[in-house]
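Residue-level structure breakdown
As a plain string of letters, each chain reads:
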Amino acid sequence: MVTYILYKLHNNVKKKFVLCLTGAPKPKLHYRKEVEIRTTLQELSLYFIFLINLCILTFGMVNPHMYYLNKVMSSLFLDTSVPGDERTNFKSIHSITDFWKFMEGPLLEGLYWDAWYTNKTLYNLKNSSRIYYENILLGVPRVRQLRVRNNTCKVYSSFQSLMSECYDKYTSSNEDTSDFGLKQETEWKYSTPNSSSPWHWGFVGVYRNGGFIFTLSKSKSDTKSKFINLRLNSWITRGTRVIFIDFSLYNANINLFCIIRLVAEFPATGGIITSWQFYSVKLLRYVSHYDYIIASCEITFCIFLIVFTTQEAQKIREFKSAYFKSVWNWLELLLLVLCFVAVSFNIYCNIQIFLLLEDLLKNTEKYSDFYFLAYWYIYYNNIIAITIFFAWIKIFKFISFNKTMSQLSTTLSRCLKDIVGFAIMFFIIFFAYAQLGFLVFGSQVDDFSTFQNAIFAQFRIVLGDFNFAGIQQANRILGPIYFITFIFFVFFVLLNMFLAIINDTYSEVKADYSIGRRPDFELGEMIKKSYNNALEKLRLKKPQKDEDDKSMKGDLAEQARREGFDENEIQSAEQMKKWKERLEKKYYSSEIQDDYQPVTQQEFRELFLYAVELEKELHYISLKLNRVMRRISALQN
C-alpha cells in the first residue's frame, strides 16, 4: 500500500516538474475563483434588492384591518343568537325550522341598520344600509337555492311501499331545473348559471351557479314579509340540497370590500351543515400615496422578472441539457413560472375590476356580484404567497458555500436513497393504520370520518394531538390496540429510525470535513477577507498575518534556545521550514489540486496518517543524532 501511494505521489511530482520545464500555461484557477465569488456576491446583492421589493409588494397587499373586519362581520352573522333561544345561531342550525328562525331573526337584524342607537334616522332609506354604521351594504343581498330531482336514486324493492320518493346527493346531472311551488316569482323559477361564475366547494358537494334565486328588498318589513311567505309556501323541500346567502359590504374608512357568503347544505342524510366565507379584499388598488409606492414596486418587480428571465435563457443556451441537472436551476424556473402566473393574475384582476366595478355599483336595487372579483383576488393573493415562499428558499443557493450549509446539503444528498427506502416502508405502515382507523372508527369519530381525515388525524397523533376517549368509545377493544401499536411502531420505531439515518450520515460528513474535505470556497470567509483587505489598504488596520508570523517565529526560536539548541541549528531549522513551506505551496497549489487529483479521499487519509507517524520517527531520530553529535564533540575536546 505504501509503495502504491509513493508511486502516485511520484507521478504527481513528476507531472508538476514536467509542466514547469515545458513552460506550459498554468490555469489561473485562483483568479477564476475570485471572479466566481465576485459574480456570486453581485447576484446575491441584486437578489436581495428583488426580495426586499417583493416583500414590500406583498405586505402592501395585506391590511391589518382585514382580520378585524372579518371578525366583526362573523360575530354579527354567525354568533348572534335567535331571539328567545340563546343556544341557536347560524353555526348551530340543524333543522329547517332553525334555518327560518335565523333568516327572520339575526340575518334580518344584521342586514338592516337604518337608525342610530337612539332610534334617530341616520340617512334616507333610499340609500343602502350601513352595518355597524360604517359598512355600506352594496346593492341588495341574494338568496339562492339548488335542488335535485325526485327518483335520482333507487329505493330497495322491500321499502318501495313505505317510501316512494328518493332524492340523491347533489351533482350537476341530478340537479332539478324545473319550476316548482307557486311558479310565479323568480324564487320559484330556475335561473341558468353564469359560465364565468366559479363553483362552490362545500362539505358534501360541489355546487355550480344558478338555481332558484330571489333578492331582498331595501325595506326591512318587505324582506320579513318575503321570508314569511316563502316559509309558509314551503320554499325549502326534500329536494333542497344547498342555500347560499350572498351580500357585499364596503368600508370607506379603510378602503376594504367584505364579500360574505353563508352556506347551508342539506345532505341526503337529513339535517343541515353550515359553512361560511368572509373575504376582505382591497379591490380599489391605487387610492393613497402608499398605494402608488406599491405600484412602483410592481413595475420594479416586472423589470426584475425580465432580467432574471433573460439570464436563465442565456444559461440554458450555454449549458443546454446540463442546465437541468442542478436542483437550484429547477427552483429558478419554478420561481419564474410563479412570477409570471402572479403577474397574469394581477393583470386579469385589474381588468375585471375596471370592467365590472362601475356596472356593479350603478344599480343599487340589484344584487352586486362581487364574489367573482373576490374569488380571483384571493387566488392572486395565494399565488403571491407561494412565490415569496420559494423566493426565500432560493437564498439557500447563495449561502450553500458556507461550511455549515454545505454539510447540511451533503448530508441530505448522501442519505437521500436511505430516506426514500425508509419512506416507502413508513407510508406502507402509515396508510395501513389509516385504513384501519377509517374502517373501524369512521362512523363514530369525526377525525376518521373520511380516509383523508384519518391520514391527517394520524399526523396529529404523532404530534401529540389526539382524541383517545373518542377512539376508545367507538371500539373498546380495537381502539386501545390501534392506538398503542400505532404509537409504538410509528412514533418509537420508525421516527427514531428516520432520525438515526440522518444522524449517522451527518456524522460521516462531519468526519470527512475534519480531514480536509471542504467546499471550494466559503462566501462568508471571502467577505471577511475582502473587508480586512479594504481596511488594510485604507491603513485602518495593521496586517495581521505578518504580526502573527513574527510572533510565532520569535516564540519558536526562544523555545529552541531554552531546550539547548545553538544558533546554527536554529537557523538551519528556519531554512528547512522555509523550504518546506515553499515546497508545500508548490506541490499543494490550487492548480494541481483542482486540475489533477491522482489519489482518492481514502488514500489521502492513509497517506496523511503515514506522514504523521513518519514525522514522529524523524523527530525522535533527530533528537538521538543531536545527542550523539554532542557527545562526539565533547570527546574530541
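Quick note: structure is the one above.
To keep things clear, this report deals only with the structure shown in the data block. Computed from a predicted model, the values in this text were never measured in an experiment. (Residues numbered from 1 in each chain as written. Predicted model: local features only at pLDDT ≥ 70, side-chain atom pairs only at ≥ 80, totals over all residues. Heavy atoms only, no water.)

The next thing to look at is a positive patch on the surface. Judged by side-chain charge, Lys624, Arg627, Arg630 and Arg631 come together as a positively charged surface patch. Among the secondary structure elements, Arg631 is positioned in helix α19 (residues 601-636). Looking at Arg631, the relative accessible area reads 62%, which means it is exposed. (Patch = residues over 30% accessible without salt bridge, like charges linked within 9 Å, V, L, I, M, F, W, Y side chains within 5 Å. Areas by Shrake-Rupley, 256 points an atom, 1.4 Å probe, with all protein chains shown as cover. Salt bridge = Lys/Arg side-chain N within 4 Å of Asp/Glu carboxyl O. Lys, Arg positive; Asp, Glu negative; His and termini not counted. Charge placed at Lys NZ, Arg CZ, Asp CG, Glu CD. Helix = DSSP H or I, 4+ residues; strand = E, 2+ residues; numbered from the N terminus. Buried < 20%, exposed > 50% of the residue type's maximum accessible area, 1.4 Å probe, protein only.)

With that settled, the discussion passes to helix α8 (residues 371-393). In an α-helix, one turn spans 3.6 residues, which is why side chains three or four residues apart end up on the same side. A rise of 1.5 Å per residue sets the reference length of α8, with its 23 residues, at 33 Å; its end C-alpha atoms lie 33 Å apart and thus fit the reference within 8%. Every buried residue of α8 is accounted for by Tyr371, Phe372, Leu373, Ala374, Tyr375, Tyr377, Tyr380, Ile383, Ile384, Thr387, Ile388 and Ala391. (Expected span 1.5 Å × (residues − 1).)

It is worth spelling out the environment of Leu284 at this point. Inspection of the secondary structure puts Leu284 in the loop between β8 (273-281) and α6 (289-319). Leu284 sits in the partly exposed class, given a relative accessible area of 28%. Expressed as a C-alpha distance, the spacing of Leu284 and Leu357, which sit 73 residues apart in the sequence, is 9.3 Å. If sequence neighbours within four positions are ignored, Leu284 has contacts with Tyr250, Asn255, Phe257 and Leu357. (Contact = heavy atoms within 4.5 Å.)

On to the pairing of strand β2 (residues 135-147). The buried count for β2 comes to 12 of 13 residues, which makes it a mostly enclosed element. Sheet topology places strand β1 (residues 130-131) next to β2; 2 bridges connect them, and they run antiparallel. Pairing of Ile131 across the sheet is with Asn135, part of β2. The loop that links β1 with its antiparallel partner β2 comprises 3 residues; one of these, Tyr132, has a positive phi angle of about 55°. With 10 bridges joining them, β2 and strand β6 (residues 240-251) adopt antiparallel strand pairing. Its bridge partner lying in β6, Asn135 is registered against Asn251. Across 4 bridges, the pairing between β2 and strand β5 (residues 212-215) is antiparallel. When the sheet's bridge partners are listed, Val143 is paired in β5 with Phe214. (Pairing = 2+ DSSP bridges.)

Here we take up the nonpolar core. Ranked by size, the top nonpolar core spans 43 residues in total, and within it Phe77, Leu107, Trp235 and Leu262 carry the most contacts. Counting residues per element, the ones that place at least two in this core are α3 (65-78), α4 (96-111), β2, β5, α5 (220-232), β6 and β7 (256-265). Per-element tally for this core: the top contributor is α4, with 7 residues. By size, the runner-up hydrophobic cluster in this structure holds 22 residues, among which are Met61, Leu283, Ala342 and Leu360. (Core = buried A, V, L, I, M, F, W, Y, C linked by side-chain atoms within 4.5 Å.)

Here the focus is the side chain of Glu175. Mapping Glu175 onto the fold places it in the loop between β2 and β3 (200-201). For Glu175, a relative accessible area of 3% puts it in the buried group. Within the structure, the side chain of Glu175 is placed 2.8 Å from the side chain of Arg208, a separation counted as a polar contact. Contacts of Glu175, omitting those with residues within four sequence positions, involve Leu146, Arg147, Val148, Arg149, Tyr170, Tyr190 and Arg208. (Polar contact = N/O pair within 3.5 Å; in protein donor to acceptor, adjacent residues only side chain to side chain.)

A few words on the packing of α4 against α5. Running from N to C, α4 and α5 cross one another at 170°; their axes reach a closest spacing of 10 Å. Viewed along their axes, α4 and α5 adopt a mutual orientation that is roughly antiparallel. Within the contact between the two elements, α4 uses Trp100, Met103, Glu104, Leu107, Leu108 and Glu109 and α5 uses Lys220, Thr223, Lys224, Phe227, Ile228, Leu230 and Arg231. (Axes fitted to C-alpha atoms, helices over the stretch in contact; angles between N-to-C directions. Parallel < 35°, antiparallel > 145°, perpendicular 65-115°, else oblique.)

Below, the discussion takes up α3. For α3, which comprises 14 residues, the first-to-last C-alpha distance of 19 Å matches the rise-based estimate of 20 Å (1.5 Å per residue) to within 8%. All of the buried residues in α3 are Met66, Leu69, Asn70, Met73, Ser74, Leu76, Phe77 and Leu78. In a view along the axis of α3, the buried residues occupy a sector of 165°, so they form one face of it. In α3, the exposed residues that point more than 90 degrees away from the buried face are Tyr67 and Tyr68. (Arc of directions from axis to C-beta.)

Shape descriptors only; they carry no functional weight alone.
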